[in-house]
Amino acid sequence: MLRTTLAGLRLHKSRYVTTVLAILLGVMFVSGTMVFADTLKANYEESVMGSATSVDAIAVPAQPEPGDGEEPEAPAAFTEEQLDDVRALPEVADAGGLLSGEAVLLDDEGRAVGFMPPAAIALDGTSRFSPDEGTLPSDGDEVVLATSTADQTGFAVGDTVTVLDPEGDKRDFTVTGLLNFGVDPSYSMSGALVFDPDTAREMTGVSGYSEIDVLAAEGRTDEQASEAVAALLGSGAEVQTGEEFGLTIAENAGGDTEMLRVALLLFAFIAMFVAGIVIYNTFAILIAQRQREMALLRCVGAKRSQVFRSVLAESVAVGLVASALGVLAGVGIGMAGAAFGGPLLGTGSAVPVVITPLAVGVGMAVGTVVTVFSALVPAMRATRVSPLAALRTSATAGGLEKGTGWVRVVFGLLAFLVSAAMVAVVLSSEPNQMGPIIVTAAALVAFVGVVVLGPLLVRGIVRVVGAPLRRLGVPSMLAVDNSTRSPRRAATAMIALTVGATLITGYSVLSASVESTMTTMLEEQFPVDYQITPQFSLEGTGTGDAAAEGAEEAPEGEAPADGQSAEGGPAGDGAAAAEPGEGAGDGAEDGGPTAANATVPAFPTVPNGVIEALEAQPELGKVFGQRSTSVETGGDLPLFVYTYPGAEIGVDLTSEVVEGDLTDLGPGRAVVAEGYVDGVGVGDTLTVPARDGQDLSLEVVAVVEEMQSLSAVTIDTEDFATAFPGVDENELVLVRAAEGADAAEVRDAVYSAVEEYPTMQVASVAEMKNQFSEMMDIAFYTIAAMLGLAIIIAVFGISNTMALSVLERTRESALLRAMGLSRGQLRRMLSVEAVLLCLIGAGIGIVLGLVFGWAAGMSALPDMIFSVPAEQIAVFIAVAVLAGLLASVLPGRRAAGTSITGALASE
């Protein structure tokens, strides 16, 4: 039987070409992902290890353990005396300290670079870092830039850059070198500037060391040096060998790589699932076409088990060959991804491509197992054919096509009903994280219904769509008839395309709806043109201009809400930090607690001079700010309180109102987000603890939906100033242009107003919308490209189905030619048949995608504005038509090129 099986493979190898291609593409995705992720991880490790292992031990300040109910304290930096003590250890040959703070770098237009200031460091002695280009600074007029900072700003060695000192004064430095910090999170996010030690102290105000790097003495190991330093510095330090330190950073960076690996493997799973459908359909057709061959084997003594093993042996051979080719292609794809995609993900110089046995083994195993598993059902069918009955039939599959029984209909309808019930339950309940997951499960159940009712759907859709096609000529009429001859085969072929169409349409609907919702929310509830925020500082105190203007830290018990200014986003974003609905202000409903307010680190603010300068510009119609603080209420979470100086609530800022009227806000009144303070509604009294002990008793005049432009608790500016007199500057400033003002003049007016405040971050709301739209588009096209491989595999499957169908209809095609059908008409018939099949698969997928994309969005965002991406759906339909035409090219050429007399004479 093995010899017979191999002979059959050699004889009919052309029939397996598209099957091999389907497996190859799926395995290529799997192996390519493994190789790419392994190479990226190795690159990260080499980048970090290269710097960390240049020293023998590294000490960093330890994080103090906070007491019960206390805020965690910042680690205490190492002192000059501690560094000298480390240098004096007999196990240490030399040691150096790393000074680290922040400094504001200005770009070539005089504006602060980045949302956060870059780190400002100095290498005092031995260090794990060394410049990749140029030299380290040697005096107070030189600086080295991180390569990421140089890429962002366009500065190079030899350029002059401007940096603000702690008083906000400008100082010029010459760039003497570039230093690649790799994936070290301390410097990879915001970039870095490297000064000489004295200049770093002047520019940052820091005096302690954030890291001590150690070289072991001759004859001492890394571990001995590390243990000696740890014993000297005690519990205030975390000490590791250079290799251990590098591995820790590499593991943290590698977490992103693993997430990328999982995401890509998810798309690879989809591709392999579609490939499995193609393999199943191919083997089902081949087995049906080889009924006489199987029956003959049975007649000459082959047992059912031998026939079964023969088919599985074919699948193993096909799977192994295709998987091996797929692994080779995957290695190439992985190499290309590492070469071109690696730099976009922050990798440095290229490292050799990493090809692990696991990547090869997983690719081979996945391809072979999927192939064998997909061939199981056709192999079992091959053993059930009666030898005598098969010998009396022609070598076609027609005899195996069965009608759609009532059991299949009932099961399919039941699957649709269960799916609809799951969606209904989700939409009738409160939004939660499980909603999209349940909707996804409902989509899978509905997909089972499509699979079960596939033959029935094909017949029904072809009857509807085929009616006008029949009037387009004989080829179209024949194509419509051919589409319903083997509905089960057609349904199986189209299912592969339905998978990809459903996923792409569903994501496009979700993406378009979220984008429409966010855009509408910004336009209706946040009607401004520009937003101005301070540059955020991790040091917790104002930098640059804020310091120059004499901005003070909030008195004890007050601070801007850290959920807001840290993000610099629209007014509605800040309350997320307070977790609305989880007990903030639990005691407010019964008169409120008397606990003192919390002490929270201050965040940078917008100087009041910025508002004055903006208000002086005639091109600007409205300027208002946002201030906030958090107060302890005795509950698990603090209460976040907001006010908007200069704004008319209900006009300049709005939100969806649950009850009450926003325009009623004034002294002695408050607006509360729904669910933020338990049990409080319109007309109730809300008590807000104040700094002087005179708590505010406020009447709630409106309740708004949560997570919108007005969030948490909003009070009048006079009440806020009375209760929190230390919070006298804004976290952000919002600007609306004057009626009829020219957009260019408005932009010039805004930038002119902040010219003396270079650390202020100016963002156009229109630009923010465009950036959000571009981000959503990039995500969509990326995911569409990933799912595109599944669609390509599905097209191969349809092409394979058409090719095998042409083989079994050889005499029929010859008879049509003999009766007058031209070669072109025959090709057109097959093209229409393939296009019809693709349109059915894509159409069902688009309908499922629209329904479940909407349901998934509504389960997470009940106020989502449903948006149908008509242009993208039109593209999907055009792609389906094109796919059908491409799938019919080779089968059409083969059918048209067959000899009429030779085909009619053959049996």
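As a reminder, the structure under discussion sits directly above these lines.
The structure reproduced in this document is the subject of the present report. Owing to the predicted nature of the structure, the values given are computational and were not obtained by experimental measurement. (Residues numbered from 1 in each chain as written. Predicted model: local features only at pLDDT ≥ 70, side-chain atom pairs only at ≥ 80, totals over all residues. Heavy atoms only, no water.)

Describing the pattern of salt bridges
- Counted according to the given criterion, the structure contains ten salt bridges.
- With its nearest N and O atoms 2.9 Å apart, the salt bridge here joins Arg171 to Glu202. Placement of the pair is Arg171 in strand S8 (residues 170-179) and Glu202 in helix H6 (residues 197-204), with a sequence separation of 31 residues.
- Classification of Arg171 by relative accessible area gives partly exposed; the value is 23%.
- The exposure class of Glu202 is partly exposed, given its relative accessible area of 48%.
- Arg736 is paired through a salt bridge with Asp652; the nearest N and O atoms lie 2.9 Å apart. Of this pair, Arg736 sits in strand S20 (residues 732-737) while Asp652 sits in the loop between strand S14 (639-643) and strand S15 (657-660), and the two are 84 residues apart along the sequence.
- When its relative accessible area of 2% is taken as the criterion, Asp652 is described as buried.
- Among the charged side chains, a salt-bridge network with shared partners connects Glu80, Asp124, Asp198 and Arg201. (Salt bridge = Lys/Arg side-chain N within 4 Å of Asp/Glu carboxyl O. Helix = DSSP H or I, 4+ residues; strand = E, 2+ residues; numbered from the N terminus. Buried < 20%, exposed > 50% of the residue type's maximum accessible area, 1.4 Å probe, protein only.)

Considering the nonpolar core
- Grouped together as the largest cluster of nonpolar side chains are 96 residues, with contacts concentrated most on Ile793 and Ile798.
- By residue number, the principal contributor to this core is helix H25 (residues 823-860), which donates 16 residues.
- Residues within four places of Ile793 in sequence aside, it is in contact with Ala22, Leu25, Gly26, Ala271, Val274, Ala275 and Val278.
- Counting 41 residues, the second-largest nonpolar core is a separate cluster that includes Val677, Phe724, Leu732 and Leu734. (Core = buried A, V, L, I, M, F, W, Y, C linked by side-chain atoms within 4.5 Å. Contact = heavy atoms within 4.5 Å.)

Quick look at helix H16 (residues 474-483)
- Summarising burial for H16: seven of the ten residues are buried, a large majority.
- Burial in H16 covers these residues: Pro475, Ser476, Leu478, Ala479, Val480, Asn482 and Ser483.

A few points about the environment of Ala415
- Counting through the fold element by element, Ala415 comes out in helix H13 (residues 406-428).
- Assessed through its relative accessible area of 7%, Ala415 is described here as buried.
- Linking Ala415 and Ala446, residues 31 residues apart in sequence, is a C-alpha distance of 5.9 Å.
- When neighbours within four sequence positions are excluded, Ala415 is seen to be in contact with Val445 and Gly449.

Topic: the pairing of strand S21 (residues 760-764)
- A large share of S21 lies buried, amounting to four of its five residues.
- Direction of pairing for strand S12 (residues 530-534) relative to S21: antiparallel, over a ladder of five bridges. Residue pairing for S21: Ile532 is matched across the bridge by Val762. (Pairing = 2+ DSSP bridges.)

Section: the packing of H25 against helix H27 (residues 889-897)
- Running from N to C, H25 and H27 point in directions that differ by 145°, and their axes come no closer than 9 Å. Crossing of H25 against H27: the hand is right-handed. Along the contact surface, H25 presents Arg823, Leu826, Arg827 and Leu830, while H27 presents Pro891, Gly892, Arg893, Ala895, Ala896 and Gly897.
- Class assignment for the residues of the contact of H25 with H27 results in five nonpolar, two polar and three charged. (Axes fitted to C-alpha atoms, helices over the stretch in contact; angles between N-to-C directions. Left-handed = near helix turned anticlockwise from the far one by under 90°. Nonpolar A, V, L, I, M, F, W, Y, C, P; charged D, E, K, R; others polar.)

These figures capture arrangement, not role.
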